[in-house]
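Structure at a glance
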Amino acid sequence: MPALREILTTHAPLLLIDAASARVQVGMLGPGTSARWASAEEEAGTGLFRCLEQLGVDPDLPAAFAFCEGPGSLLGIRTTAMAIRTWLALRPRPVFAYQSLAIVAHALARPHVSVISDARRNAWHCTTVDTTGHLLALRRLPTADLSGPLVTPEGFRHWSALPAGSVETTRYDLETLLPTVADADLFRATAEPDAYLHEEPSYLTWTPKVHQAPSTS
C-alpha cells in the first residue's frame, strides 16, 4: 500500500475528497507545501462542488484522485465515489482509497487507544495502534466489547449512545492530519471507488410458488 508522499511524487496534482464527516473536505495536493484546501458543511452532493468552486478546480485537471472509503457517512462516501467514477469515465486516472479511522489512529500515535465510529445497531467501527506502532485491522464490535481509552472523530454522526465512560473527541481536519501521516502506508489503489464494507452483502434465495385456494374436502 503506498503512502501519500509516494503518491504525490508520481501522481500530482492529486484531488483528495473526504465526505465521511458532517464537513466535506477537498484538497488539491502536490509535492512539498503546495496543498490547497476547501471545506463545506453541506450535504455531499452540494458541498463537494462548492469546494471545487472555492478552489477553482476543474475535475479534468487532477492527475489522480484520493477519497475516504469509510467509515463515516455512507451517503457522503457514495456520493463522492459516484462523482469520481463519472470523472474517470471522461478520462481514466489512478484512484487511491484510505480509511478515516486509520488516519486518525496513526496521527494520534497512542498505543492501545481505539478510534471508533458508529456502525449502527449498537455496534462500532474500531481500529487501534499497538505498542509497536502497527495498525490493527478495522473491526466491527458491539458496544459491550469496546474497552480501554476510546476516541471518536469530530463531526461523525452516531445513532447509538456512546459507550459508557469517557469517550474523547478529536478533530477530523485533514489539512492538519495528513502531513503527520504522509509516510504511513494508508492508501490503496482501487479501480472501482465505493464505500468500504466489512463483508460483501449476502442475500437469501426465494423460490416463488403459485398461491392456490385451500382445498375443500
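The rules behind each value
Residues numbered from 1 in each chain as written. Predicted model: local features only at pLDDT ≥ 70, side-chain atom pairs only at ≥ 80, totals over all residues. Heavy atoms only, no water. Helix = DSSP H or I, 4+ residues; strand = E, 2+ residues; numbered from the N terminus. Expected span 1.5 Å × (residues − 1). Buried < 20%, exposed > 50% of the residue type's maximum accessible area, 1.4 Å probe, protein only. Arc of directions from axis to C-beta. Pairing = 2+ DSSP bridges. Axes fitted to C-alpha atoms, helices over the stretch in contact; angles between N-to-C directions. Contact = heavy atoms within 4.5 Å. Phe/Tyr/Trp six-rings, centres within 6.5 Å; stacked < 30°, edge-to-face > 60°. Lys NZ or Arg CZ within 6 Å of the ring centre and 35° of its normal. 1 Å grid on protein atoms, 1.4 Å probe; cavity = no way out; pocket = protein on both sides within 12 Å on 5 of 7 lines; lining within 4 Å. Points joined across faces, edges and corners; volume = space filled by probe spheres on them. Nonpolar A, V, L, I, M, F, W, Y, C, P; charged D, E, K, R; others polar.

This part is about helix α3 (residues 74–90). Between its first and last C-alpha, α3 extends 25 Å over 17 residues, near the 24 Å set by a 1.5 Å rise per residue. Listed in full, the buried residues belonging to α3 are G76, I77, T80, A81, A83, I84, W87 and L88. One side of α3 holds all its buried residues, which, seen down the axis, span an arc of 160 degrees. More than 90 degrees from the buried face of α3, the exposed residues found are L75, M82, A89 and L90.

It is worth spelling out the sheet that holds strand β6 (residues 114–118) at this point. The strand order across the open sheet built from five strands is β8-β7-β6-β9-β10, with neighbouring strands paired in mixed fashion. Both outer strands of the open sheet, β8 (139–142) and β10 (167–170), are each paired with one neighbouring strand and no more. With strand direction ignored, the average angle separating the axes of adjacent strands in the sheet is 40 degrees. Taken together, the four bridges between strand β7 (residues 123–128) and β8 define a ladder with antiparallel strand orientation. Looking at the pairing, A123 lines up with P142 of β8. Contacting β6, β7, β9 (150–153) and β10, helix α4 (residues 100–108) runs over the sheet at an angle of about 155 degrees to β6.

This paragraph deals with the packing of aromatic side chains. Summed over all chains, the structure comprises four aromatic pairs. Centroid distance F49 to W87: 6.4 Å. Interplanar angle 80 degrees. Geometry classified as edge-to-face. Here W87 lies in helix α3 and F49 lies in helix α2 (residues 44–55), a separation of 38 residues in the sequence. For the ring pair Y98 and F187, a centre distance of 5.2 Å and an interplane angle of 50 degrees mean the geometry is tilted. Here F187 lies in the loop between α5 (174–180) and β11 (188–189) and Y98 lies in strand β5 (residues 95–99), a separation of 89 residues in the sequence. Relative accessible area serves as the criterion here: at 1%, Y98 is assigned to the buried category. Ring pairs connect the aromatic residues F49, F65 and W87, which therefore count as one cluster. In this arrangement the basic side chain of R120 is found over the ring face of W159, its NZ or CZ atom lying 3.8 Å from the centre.

Before going further, it helps to spend a moment on α2. Helix length check: α2, at 12 residues, gives a terminal C-alpha distance of 16 Å against a target of 16 Å (1.5 Å per residue), a fit within 8%. Within α2 the residues assigned to the buried category are A44, G47, L48, C51, L52 and L55. All buried residues of α2 fall inside an arc of 135 degrees around its axis, so they share one side. Where α2 is buried, its residues touch β1 (14–18), β2 (24–29), β3 (36–40) and α3.

By secondary structure assignment, the location of T86 is in helix α3. Between the C-alpha atom of T86 and that of P59, which follows or precedes it by 27 residues, the distance is 10.0 Å.

Before going further, it helps to examine the layout of surface pockets. Taken as a whole, the largest pocket encloses approximately 570 Å³ of empty space. Surrounding the largest pocket, 26 residues form its lining, L74, A119, R120, H125 and L197 being those nearest its centre. Of all the elements in the fold, those that place two or more residues in the lining of the largest pocket are β4 (64–70), α3 and β6. The greatest single-element share of the lining of the largest pocket, amounting to four residues, is contributed by α3. Within this model, the second largest pocket holds a volume of roughly 310 Å³. Every element with two or more residues in the lining of the second largest pocket is listed here: α1 (4–10) and α5. The leading source of residues in the lining of the second largest pocket is α1, at four residues. Its residues placed into classes, the lining of the second largest pocket shows nine nonpolar, five polar and two charged.

Shape is all these values report; function is a separate question.
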